[in-house]
Amino acid sequence: MSRPIFGSPEAAARLLGLVDGNAADSSAAVGEDELRGRQPRAVRHALQVLECVAASGAGVTGQEISAALGLSRATTYRLVQVLTEDEYLVRLPDLRGFALGHRVSALFPPPAPRPPLAARLVLDRLRAGLRGGIHLIRLDGVVRAVVDEDPDFPLVPEPGVHEVVDGVCGELVAGARFAARGGDRWAAIGVTVLDELDRPIAGLVLVALEDRMPGVAEADGRLAPAAVELGPLLA
């Protein structure tokens, strides 16, 4: 039998902010109306913390999570503490940050396989001619997965990066052949990789600082031909 989402009712109550974790009687019952009123927002915030850690990678700190999500430090550290207690997050041995815990793996399918060598060679040629990070993201799974991250310009755990990448991928999944998103600091441009039935299977996404992003025409002119090459290699 699978373990419940929270290790105990007291842990759930602490996560929801309904019980003082330092109170002497932390096992006090929580009223059903009170839970119903405050639970949705707390659960949403907990999921956003997990999403932020997944997008940022191992080593992201509580302060970085707080800044990325716009949550107060007190709320962020309460959520991180409970998620760590229940093994959804783990604190790294050097105590400098957090990573996803083993219980999160049960929520996701196995990772998408690494692209074949021919596809990686296409990516290598493309990266040699464009300034910025070029990432191959599978779009045809249960969750979107970065299957080939640019080794020279990896996805950094900074506010705004996840938002522009997720926005571009959302448009590509919805049927757009080309998409662009910009933020305060970061921008992303992407094209769809299609299979033989013209279904989106992946996104080729260029991520760069706003002031270093190539022009739309130049980016599309480089990304689109590479996406055509990648289609039969990934289908």
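Structure's up top.
Residues numbered from 1 in each chain as written. Predicted model: local features only at pLDDT ≥ 70, side-chain atom pairs only at ≥ 80, totals over all residues. Heavy atoms only, no water.

**Q** What exactly am I supposed to notice about the packing of helix α5 (residues 117–129) against helix α7 (residues 216–234) here?
**A** Each packed pair of helices is defined by two parameters, the angle between the axes and the distance between the axes. One way to put it is that α5 packs onto α7 with a least axis distance of 9 Å and a crossing angle of 170 degrees. With respect to their mutual orientation, α5 and α7 come out roughly antiparallel. Taking contact as the criterion, the partners of Ala118, Ala119, Val122, Leu123, Arg125, Leu126 and Gly129 in α5 are, on α7, Arg222, Leu223, Ala226, Glu229, Leu230, Leu233 and Leu234. Class assignment of the residues belonging to the contact of α5 with α7 gives a composition of ten nonpolar, one polar and three charged. (Axes fitted to C-alpha atoms, helices over the stretch in contact; angles between N-to-C directions. Helix = DSSP H or I, 4+ residues; strand = E, 2+ residues; numbered from the N terminus. Parallel < 35°, antiparallel > 145°, perpendicular 65-115°, else oblique. Contact = heavy atoms within 4.5 Å. Nonpolar A, V, L, I, M, F, W, Y, C, P; charged D, E, K, R; others polar.)

**Q** Looking at this structure, how should I read the environment of Thr61?
**A** Residue placement: Thr61 occurs in the loop between α2 (32–56) and α3 (62–69). With relative accessibility at 24%, the residue Thr61 sits in the partly exposed group. Once the C-alpha coordinates of Thr61 and Phe98 are considered, the two residues, 37 residues apart in sequence, prove to be 6.2 Å apart. Leave out the neighbours within four places in its chain, and Thr61 touches Arg96 and Gly97. (Buried < 20%, exposed > 50% of the residue type's maximum accessible area, 1.4 Å probe, protein only.)

**Q** When you look at unusual backbone geometry in this model, what are you seeing that I'm missing?
**A** Negative phi is the rule for most residues except glycine; trans is the rule for most peptide bonds. In this model, Glu87 sits at a positive phi of 70 degrees, which is unusual for a non-glycine residue. Relative to the helices and strands, Glu87 resides in the loop between α4 (73–85) and β1 (89–91). What makes Glu87 partly exposed here is its relative accessible area of 31%. Despite not being glycine, Asp198 has its phi angle at roughly 60 degrees, a positive value. Checked against the element boundaries, Asp198 lands in the loop between β6 (186–194) and β7 (200–209).

**Q** Which parts of the structure should I look at to understand the side chain of Asp195?
**A** As for its placement among the helices and strands, Asp195 is situated in the loop between β6 and β7. The class for Asp195 is buried, based on a relative accessible area of 9%. Of the polar contacts made by the side chain of Asp195, one reaches the backbone nitrogen of Leu197; its length is 2.9 Å. Polar contacts involving the side chain of Asp195 include one to the side chain of Arg199, which spans 2.7 Å. (Polar contact = N/O pair within 3.5 Å; in protein donor to acceptor, adjacent residues only side chain to side chain.)

**Q** Could you clarify how one ought to interpret the sheet that holds β7 in this entry?
**A** The strands making up a sheet associate through hydrogen bonds between their backbones, and the pairing can be parallel or antiparallel. Pairing is antiparallel in the open sheet, where five strands are placed in the order β4-β3-β7-β6-β5. On the outer flanks of this sheet lie β4 (145–148) and β5 (178–182), each paired with one strand and no other. Strand after strand, the sheet turns through a mean of 30 degrees between neighbouring axes, direction not considered. When β5 meets β6, the two strands line up antiparallel, connected through five bridges. Bridge pairing in β6 links Gly182 to Ala187. In this fold α5 packs onto β3 (133–138), β4 and β7, with an angle of close to 150 degrees to the strand it touches most, β3. Its contacts with the sheet put α7 on β3, β5, β6 and β7, and the angle it makes with β6 is roughly 35 degrees. (Pairing = 2+ DSSP bridges.)

Honestly, that's just the spatial picture; any functional story needs more than this.
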